[in-house]
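Each chain is listed here by its residues.
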Amino acid sequence: MSDRRQVPERLDGIREEVILHELRATGKVSVRDLAERLNVSEVTIRKDLDALEERSLLRRVRGGAVPSARGEEGAFADRMLMDAAAKRAIAREVAKNVQDGDSIAIDSSTTSYYLAQELVDRDDLIVVTFGLRTAVLLLEQSNATVVMPGGVVRRASGGMVGSFGNTLAGRGRLGAGFFGTATLSIEHGMLELSSEEAATKRALVAVCDEVHVSLASSKIGRFGINSFASASEVTRIYTDELADDAFLHEWEKVGTPVVRVAGTRSALEARALSLAGAEREAEAV
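Computed from a predicted structure; not experimentally measured. (Residues numbered from 1 in each chain as written. Predicted model: local features only at pLDDT ≥ 70, side-chain atom pairs only at ≥ 80, totals over all residues. Heavy atoms only, no water.)

Regarding the overall build of the protein chain
- A tally of regular secondary structure across the protein chain gives 11 helices and 15 strands.
- Considering the protein chain as a whole, with its 285 residues, one finds that 49% of them fall into the buried category.
- For the protein chain, contacts bridging at least 24 residues in sequence account for 61% of all contacts bridging at least 6.
- Looking at the protein chain as shown, the accessible area adds up to about 13,700 Å², and 48% of this sits on carbon and sulfur atoms. (Helix = DSSP H or I, 4+ residues; strand = E, 2+ residues; numbered from the N terminus. Buried < 20%, exposed > 50% of the residue type's maximum accessible area, 1.4 Å probe, protein only. Contact = heavy atoms within 4.5 Å. Areas by Shrake-Rupley, 256 points an atom, 1.4 Å probe, with all protein chains shown as cover.)

Next comes the structure, spelled out in structure tokens:
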């Protein structure tokens, strides 16, 4: 009997991530092998491969796919797939903070893009964002008024970054801002590697009454250098269920509650099992 891990068809993000993982490990994937490994039909795999090719993440060939040279756009799309199921669950929880008619800020992170997808059915939002993809999504799929301060397009994040504090000053307050972060610490708050990214987020934080931050637990303890919000400025932190109790207690001591979003553990564990299975099979080739 095969020892291959099977990925439920409903976990589309995990399935796509497994496909890309195997492609990086072996240099080529076949429709037949992927269908058997992931316990789905070959039609489903072909649709997955076509969707990944549209995002420049691979190149279709007869019977399967091979790697595609990718630029920054591909890099963003690749990050969208990382922990996708958990990010969607976090976004659904964070979206509960937004009601019809609210004025909010959203950054250019992949987690915030998933949040924007959850907000397309809200009416009469005013959304200030420097995320190009988020702006296009809301423009095409919602009736939100989208405000984009000027700046320089940063390809890695798809964001229009720059010091636009003067653009926002004196124009009122936003009810809430929603941000991803590279990492965080009690001493230095929310941290990014890019100084431009941090400066842009800092300008938005300054005009928000509430600041909500979302991050995967895998980012906890990573390195960051440029702060965009102090611990005291953050209203609430959202993460997955793999964040340990010590992390929660550390932040609650300084008055910042942490929400571990229900349902994220199973998605992350399924992803880990699938990627581990892909690595074992790649090593056996």
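After that view of the structure, there is still more to cover.
Examining the pattern of salt bridges
- Tallied over the entire structure, the rule returns 10 salt bridges.
- Between Asp 107 and Lys 201 there is a salt bridge, and its shortest N-O distance comes to 3.1 Å. Linking Asp 107 in the loop between β4 (103-106) and α6 (110-118) with Lys 201 in helix α9 (residues 195-205), this pair joins segments that are 94 residues apart in sequence.
- With a closest N to O distance of 3.1 Å, Asp 209 and Arg 173 form a salt bridge. Of the two residues, Asp 209 is situated in strand β12 (residues 208-214) and Arg 173 in the loop between α8 (165-168) and β9 (174-180); the sequence distance between them amounts to 36 residues.
- A relative accessible area of 52% places Asp 209 in the exposed class.
- What emerges from the salt-bridge pattern is a single network uniting Asp 107, Glu 192 and Lys 201. (Salt bridge = Lys/Arg side-chain N within 4 Å of Asp/Glu carboxyl O.)

Some words on the packing of helix α5 (residues 84-94) against α6
- Where α5 contacts α6, the two axes come as close as 8 Å, and the packing angle between them is 55°. Regarding the angle of α5 to α6, the classification is oblique. In terms of crossing hand, the pair formed by α5 and α6 is right-handed. The residues of α6 that touch α5, namely those facing Ala 84, Lys 87, Arg 88, Ala 91, Arg 92 and Val 94, are Thr 110, Thr 111, Tyr 114, Leu 115 and Glu 118. (Axes fitted to C-alpha atoms, helices over the stretch in contact; angles between N-to-C directions. Parallel < 35°, antiparallel > 145°, perpendicular 65-115°, else oblique. Left-handed = near helix turned anticlockwise from the far one by under 90°.)

Overview of the pairing of strand β11 (residues 189-192)
- Pairing of strand β10 (residues 183-185) with β11, which is carried by three bridges, proceeds in the antiparallel orientation. When the sheet's bridge partners are listed, Thr 183 is paired in β11 with Leu 191.
- Counting the residues that bridge the hairpin from β10 to β11 gives three residues.
- For β11 and strand β13 (residues 226-229), the ladder comprises three bridges, and the chain directions are antiparallel. Bridge pairing links Leu 191 to Ser 227 in β13. (Pairing = 2+ DSSP bridges.)

Some thoughts on a nonpolar patch on the surface
- Residues Leu 193, Phe 223 and Ile 225 make up a contiguous nonpolar surface patch of about 370 Å² in total accessible area.
- Within the secondary structure, Phe 223 sits in the loop between β12 and β13.
- Note on Phe 223: relative accessible area 63%, which makes it exposed. (Patch = residues over 30% accessible without salt bridge, like charges linked within 9 Å, V, L, I, M, F, W, Y side chains within 5 Å.)

Digging into the side chain of Arg 122
- Looking at the secondary structure, you find Arg 122 in the loop between α6 and β5 (126-129).
- A polar atom in the side chain of Arg 122 sits 2.8 Å from the backbone oxygen of Ala 95.
- In contact with Arg 122, other than residues within four places in its own chain, are Ala 95, Lys 96, Val 98, Asp 100 and Asn 143. (Polar contact = N/O pair within 3.5 Å; in protein donor to acceptor, adjacent residues only side chain to side chain.)

Re helix α10 (residues 245-253)
- Within α10, the full set of buried residues consists of Phe 247, Leu 248 and Trp 251. Seen along its axis, α10 keeps its buried residues to an arc of 100°; they face one direction. Turned more than 90 degrees off the buried face of α10, the exposed positions are Ala 246 and Lys 253.
- On its buried face, α10 sits against β10, β11, β14 (236-239) and β15 (258-260).
- Looking one or two residues past α10, Gly 255 carries a phi angle of roughly 85°, positive in sign. (Arc of directions from axis to C-beta.)

A word on the packing of aromatic side chains
- Under the definition given, this model contains two aromatic pairs.
- Ring geometry for Phe 179 and Phe 228: centres 5.9 Å apart, planes at 40°, overall tilted. Of this pair, Phe 179 sits in strand β9 while Phe 228 sits in strand β13, placing them 49 residues apart in sequence. Comparing Phe 179 with Phe 228 shows no difference in burial state: the two are buried.
- Positioned above the aromatic ring of Phe 228 is the side chain of Lys 201, whose terminal nitrogen or guanidinium carbon lies 4.9 Å from the ring centre. (Phe/Tyr/Trp six-rings, centres within 6.5 Å; stacked < 30°, edge-to-face > 60°. Lys NZ or Arg CZ within 6 Å of the ring centre and 35° of its normal.)

A look at the environment of Arg 92
- Note on placement: Arg 92 falls in helix α5.
- Since its relative accessible area comes to 44%, Arg 92 is described here as partly exposed.
- For the pair Arg 92 and Leu 119, spaced 27 residues apart in sequence, the C-alpha to C-alpha distance is 9.1 Å.

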